[in-house]
Each structure stands twice: as structure tokens, then as C-alpha cells.
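Analysis of the macromolecular model
Residue strings, one per chain:
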Amino acid sequence: ALNQARELLQRYIDYRLALQGLPALAETADLPALQARAEALQRLRERYFSQSEVQALFARDQAEEQHVLRHLQAQAVGASPAELAALDEQLPDDLREARRQATLPGELYAQVSDLRSQGASDEQVYQLRAQTLGTEAADELAKLDAQRAHWQTRLRDFTRERLQLDQAGLAEEDRQAEYQALLSRHFAEHERVRVQALS
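Residues numbered from 1 in each chain as written. Predicted model: local features only at pLDDT ≥ 70, side-chain atom pairs only at ≥ 80, totals over all residues. Heavy atoms only, no water.

**So, the nonpolar core**
Residues Y15, L19, L22, A40, L41, L44, Y48, F49, V54 and F58 constitute the largest nonpolar core, which totals 10 residues. Secondary-structure elements contributing two or more residues to this core are α1 (2-19), α2 (31-48) and α3 (51-76). Residue contributions to this core peak at four residues, all from α2. The contacts of F58, once residues within four sequence positions are left out, are Y12, Y15, R45, F49 and E53. W151, L165, Y179 and F187 belong to the second-largest nonpolar core, a separate cluster that totals nine residues. (Core = buried A, V, L, I, M, F, W, Y, C linked by side-chain atoms within 4.5 Å. Buried < 20%, exposed > 50% of the residue type's maximum accessible area, 1.4 Å probe, protein only. Helix = DSSP H or I, 4+ residues; strand = E, 2+ residues; numbered from the N terminus. Contact = heavy atoms within 4.5 Å.)

The following block contains the structure:
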């Protein structure tokens, strides 16, 4: 058994080295390029491993690769959102859950943006987050919202006063001195670089 494990490890190392010889995919790779890449990966796996080993080592990867290809093929022929969702349902449970967890933050962000654009209250946003992520995460996000709102208020106040300063007709040296004083009144030292970058 130990010899078999060593021999499998050596083949896996050889396989990983052979992977480096595959052409890199361009960031804008199209469906035929992705299909060719998947086929090359499959041939490489079959060169180094038996079918049972391929299944044991790469079943999850292959399921995900094939799902991506089916999804892209469906999109290319104009599949509806319902048809794409049905494809997602064909994934193994663990992959489907992993994909759901990966897309959850983006979906929640879009839902919160929609709610806010419709005039939803902070409590309604909190309830949505709590249902999706749990109360602890919703509490943290509410704190972050409050911090951002406070920052935006401070930034607006500073911008208004800076505009008044710019319109005061001061000599450049005096204007710069007043600007620095204004910056110091509104922001701590570690915040000033950020403010100046935004100004």
C-alpha cells in the first residue's frame, strides 16, 4: 500500500508538471477555447491516471468544468434565466452550495441596492440581511453603513467649507494655510491623505 501511494504521488507530481505545458487561457477566452482546454485536461488526466483514479481525484473539478461549459453553451443559444437555473440544479449538492455561497454577497448587495432605491428603511435592509446572513453579520453591516454615512456627512461638510474658502478671494499662500487648517479641523491625520485624494 505504501509503494502504491508513493507511485500515485509521483504520477500526480508528474501530472502537475505536465499541466504547466498547457497553453494559458486568454482572459477573453471564447467557448471553443474553453472546450479545447477541458479536453486537453481530460487527456492529460487519462495519461497519468486510471479511470477510477481520475474519478477519485478530479470528479469535483470535472463536474464544475462541465457545468461552466454547459452554461456557456446555453447562454450562446439564448437560454432563458429559468433554463440556466435548471442547469444549476443539476450540479452535485456540495458544488451547488459552494456556488450559492460564492454568489450570495453579490446578490445580497444588488437586493439591498434595489431596496434602498425604492426608499426602504434601515430596518427593512437589516431584516433582509439578517434573513440571508444571520443577525451577527447584519449587525456588523449596519455598523459599517453607519460609519459610511458618518464619513459622507463629514466629507460633505468639508467640501462645502472648502468651496467657500476657494471663493473667498484669498492670496494663494493664505488660501493654502486656511485649507490645511480646515483639513485638520475635520479629519484626523490618517484620514487626510484619503480626503486629499478624493478632493
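Next comes the rest of the account.
**Thoughts on the packing of aromatic side chains**
According to the stated counting rule, one finds nine aromatic pairs in the structure shown. Ring plane angle 70° and centroid distance 5.5 Å describe the contact between Y15 and F49, whose orientation is recorded as edge-to-face. One end of the pair, Y15, is in helix α1; the other, F49, is in the loop between α2 and α3, with 34 residues separating them in the sequence. Across this residue pair, the class does not change: Y15 and F49 are buried. Here the aromatic residues Y12, Y15, Y48, F49 and F58 are joined through ring pairs into a cluster of three or more. Over the face of the ring belonging to F58 we find R45, whose NZ or CZ atom lies 4.6 Å from the ring centre. (Phe/Tyr/Trp six-rings, centres within 6.5 Å; stacked < 30°, edge-to-face > 60°. Lys NZ or Arg CZ within 6 Å of the ring centre and 35° of its normal.)

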